[in-house]
Amino acid sequence: MMSKTLSSTNANHNLGNYDEVYDSYQWSEVEKEFSWSNTGRVNMAHEAIDRHAESDKGNKVALYYSDQDRKEEYTFKEMRDYSNQAGNVLKDIGVVKGDRVFIFMPRSPELYFLLLGTIKLGGIVGPLFEAFMEGAVKDRLEDSGSKVLVTTPELLGRVPVDELPELEKVVIVGNDVKEDDQTIDFHRQFERASKTLDMEWVDREDGMILHYTSGSTGKPKGVLHVHNAMIQHYQSAKWVLDLKDDDVYWCTADPGWVTGTSYGIFAPWLAGVSNVIRGGRFSPEDWYQTLEDYQVSVWYSAPTAFRMLMSYGDKILQKYNLTSLRHVLSVGEPLNPEVIRWGMQALDLRIHDTWWMTETGAQLICNFPSMEIKPGSMGKPIPGTEAAIVDDQGNVLPPNRMGNLAIKKGWPSMMRAIWNRPEKFQSYFLAGDWYVSGDSAYMDEDGYFWFQGRVDDVIMTAGERVGPFEIESKLVEHPAVAEAGVIGKPDPVRGEIIKAFIALRDGYEYSDELQEEIRNFVKKGLSAHAAPREIEFKDTLPKTRSGKIMRRVLKAWELDLPTGDLSTMEK
Ligand code: ATP
Ligand code: MG
């Protein structure tokens with residue numbers, strides 16, 4: 001690992017001194033921000049939208065929306081009115097508190113009105129990524145017992161309506177929709193709906209959103225989050241995203257994944273900040289243009305995107321004016337030190353890694369803007385939480401020992417259930433007190449956490465535990481390597497040997513010499529025992545739709561085993 005630290009260059013950040021805040025912070029300090037401190041009742045959508053609409057931020061732009069065909073802006077007042085209207089459409093078809101309303105459509109302003117409208121009714125919203133095929137859609141609607149589905153004419157063909165007895169209504173967002181007993185034309189009903197809606201004031205422990213996980217390690221799980229999560233969304237918007245009133249913020253994640261809601265919707269709007277949503281797929285020109293056009297100041301994306309931008313080269317980047325950017329963050333996969341070096345050189349900014357997962361609801365271990373960064377480390381726990389490395393019995397391990405990354409139970413945004421699977425929910429908790437993440441990591445003597453790999457992906461070779469992440473990071477430092485996925489391949493002598501799957505950058509071609517050169521590069525740069533014994537070259541690596549390398553698929557290919565649930569795999 002790169003041992004050099006990167007100091008903070010930003011003197012004016014929201015958090016202040018990390019250690020001081022960490023030592024004294026109590027979550028109750030932030031609770032007075034929200035309505036429940038006066039009334040005992042709350043609603044996330046009120047706190048994120050209506051509260052600002054009714055303040056001097058009413059005419060501030062809440063949403064800058066654009067895609068290939070549309071370019072629109074909505075103020076907080078307009079977001080309040082339109083989410084009320086969308087809420088009324090749903091109310092008229094019988095949506096009440098606790099009902100599951102799933103939304104299966106590409107990003108559009110209507111998606112956000114409907115998502116907020118559902119929450120205003122006390123409903124539990126379930127966003128589904130637009131690329132899901134029929135089986136994946138069916139599984140999730142069935143598992144959740146969804147009463148209403150919102151979709152588009154284009155995607156309706158992937159919804160097996162007749163096989164879903166609990167599904168009562170299908171709301172279609174599109175042109176020329178034919179209505180019948182079950183089918184609702186969203187636009188027609190929206191036009192007629194009132195702009196005022198009686199907010200369903202709920203308890204902070206009431207359900208709000210049901211997210212299915214990314215499916216990197218197996219069948220996706222339905223993770224339930226409650227309104228109380230807003231405490232952590234709001235606080236992390238301040239401390240980690242470092243949002244201030246005049247920021248323009250862009251989170252690139254689709255709302256089908258937890259980052260796209262917790263940090264694409266709730267956190268920025270709770271903080272009252274202008275939020276950029278860009279529809280459509282990734283393209284470097286398009287993304288740089290979006291940063292420039294909206295003068296984005298705070299940008300939250302993922303390693304896979306940064307690696308792609310990196311491999312497109314700096315020539316493209318130089319065509320754009322990105323001087324508005326002041327704070328950049330990453331989530332979803334380990335952030336390779338090489339990517340941080342690229343950020344320093346190409347953007348003249350540190351990229352801040354943040355670690356969390358669908359189940360945790362919000363950021364937990366982060367590189368705070370006020371803190372020194374150790375490239376390759378996920379950073380330190382957010383004040384108000386406690387993280388540790390524990391063994392399989394729940395005993396806390398000393399620094400520098402690899403083990404289970406665990407969080408002390410009870411942070412505000414923690415999941416409250418795995419839908420329909422109480423035993424699965426219980427299985428996350430060890431010795432009662434620790435939530436065990438399924439990730440393997442160690443903590444150094446300065447309290448920084450270092451990701452090693454998924455627990456299931458840790459390689460046992462010649463009696464040593466090796467995390468795939470460090471090897472992958474070294475591999476992508478090689479100029480020919482665009483992406484790398486490393487697995488343990490069973491071996492009669494060594495237990496496992498290290499096998500690397502590699503996608504080359506444009507302009508490079510496979511040769512035996514290149515393979516040998518890459519192996520030696522790891523040997524020299526890391527260690528002999530970490531050098532992959534086998535290297536296989538692929539055009540692309542198997543990834544989830546949210547951009548994560550699927551090592552379980554690499555392993556299944558290698559061992560000729562069934563690949564398991566592929567509903568979230570990028571095709
Ligand atoms: P599934 O649980 O269905 O297998 P998943 O774990 O990929 O899928 P998510 O909840 O979207 O679903 O992802 C959380 C996981 O992503 C974490 O457990 C971790 O392995 C990885 N991850 C997220 N952020 C980071 C990070 N900053 N560094 C390293 N890994 C990260
Ligand atoms: Mg997971």
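How each quantity is defined
- Residues numbered from 1 in each chain as written.
- Chains lettered and ligands numbered in written order.
- Predicted model: local features only at pLDDT ≥ 70, side-chain atom pairs only at ≥ 80, totals over all residues.
- Heavy atoms only, no water.
- Salt bridge = Lys/Arg side-chain N within 4 Å of Asp/Glu carboxyl O.
- Helix = DSSP H or I, 4+ residues; strand = E, 2+ residues; numbered from the N terminus.
- Domains from an automatic or database assignment.
- Contact = heavy atoms within 4.5 Å.
- Buried area = accessible area lost by both parts, 1.4 Å probe.
- Near = heavy atom within 4 Å.
- Polar contact = N/O pair within 3.5 Å; in protein donor to acceptor, adjacent residues only side chain to side chain.
- Areas by Shrake-Rupley, 256 points an atom, 1.4 Å probe, with all protein chains shown as cover.
- Buried < 20%, exposed > 50% of the residue type's maximum accessible area, 1.4 Å probe, protein only.
- Pairing = 2+ DSSP bridges.
- Patch = residues over 30% accessible without salt bridge, like charges linked within 9 Å, V, L, I, M, F, W, Y side chains within 5 Å.
- Lys, Arg positive; Asp, Glu negative; His and termini not counted.
- Charge placed at Lys NZ, Arg CZ, Asp CG, Glu CD.

Overview of the pattern of salt bridges
Here's step 1: Across all of its chains, the model carries 38 salt bridges by this definition.
Here's step 2: Between Lys-489 and Glu-558 there is a salt bridge, with the nearest N and O atoms lying 3.0 Å from each other. Linking Lys-489 in strand β25 (residues 481-491) with Glu-558 in helix α19 (residues 551-559), this pair joins segments that are 69 residues apart in sequence.
Here's step 3: Glu-558 is the salt-bridge partner of Lys-499, the closest N and O atoms lying 2.7 Å from each other. Residue Lys-499 is located in strand β26 (residues 495-504), and its partner Glu-558 is located in helix α19; the two are separated by 59 residues in the primary sequence.

Some thoughts on the domain arrangement of the protein
Here's step 1: Domain annotation of the protein identifies domain 1 (18-441) and domain 2 (458-559).
Here's step 2: Each of domain 1 and domain 2 has a C-alpha centre, and the two are 32 Å apart.
Here's step 3: Facing the 24 residues of domain 1 at the interface are 21 residues of domain 2.
Here's step 4: Taken together, the two surfaces of domain 1 and domain 2 that pack against each other cover about 1,900 Å², and 54% of this comes from carbon and sulfur.
Here's step 5: Counting the contacts that link domain 1 with domain 2 gives two salt bridges.
Here's step 6: A salt bridge links Arg-307 to Glu-483, with the nearest nitrogen and oxygen atoms 3.0 Å apart.

Quick look at the site of ligand 1
Here's step 1: Around ligand 1, the surrounding shell holds 23 residues, and the nearest of these are Ser-214, Gly-215, Ser-216, Thr-217 and Thr-358.
Here's step 2: A distance of 2.4 Å is found between an oxygen atom of ligand 1 and a side-chain nitrogen or oxygen belonging to Ser-216.
Here's step 3: A total of 630 Å² of accessible area belongs to ligand 1 in isolation, and the protein chains cover 96% of it.
Here's step 4: Counting only elements with at least two residues in the shell around ligand 1, the list comes to β14 (351-355) and β22 (449-454).

Topic: the environment of Lys-57
Here's step 1: Mapped onto the fold, Lys-57 is located in the loop between α4 (44-53) and β1 (61-66).
Here's step 2: For Lys-57, a relative accessible area of 16% puts it in the buried group.
Here's step 3: Sequence separation between Lys-57 and Val-553 is 496 residues, and the spatial gap between their C-alpha atoms is 48 Å.

Concerning the side chain of Arg-80
Here's step 1: Along the chain, Arg-80 turns up in helix α5 (residues 76-92).
Here's step 2: Look at Arg-80 and you get buried, because its relative accessible area is 18%.
Here's step 3: Polar contacts involving the side chain of Arg-80 include one to the side chain of Asp-81, which spans 3.1 Å.

Thoughts on the sheet that holds strand β10 (residues 248-251)
Here's step 1: The mixed open sheet is built from nine strands, whose spatial order is β2-β1-β11-β10-β12-β13-β14-β15-β16. Each of the sheet's edge strands pairs with one partner strand only, and the pair in question is β2 (71-75) and β16 (380-381).
Here's step 2: Relative to strand β12 (residues 298-301), β10 runs parallel, the two being bridged by three bridges. Note on β12: the bridge partner recorded for Trp-250 is Trp-299.

Remarks on a positive patch on the surface
Here's step 1: A surface patch of like charges, here positive, comprises Arg-494, Lys-523, Lys-524 and Arg-533.
Here's step 2: Among the structural elements, Lys-523 can be located in helix α18 (residues 512-525).
Here's step 3: On the basis of relative accessibility, which here comes to 39%, the residue Lys-523 falls in the partly exposed class.

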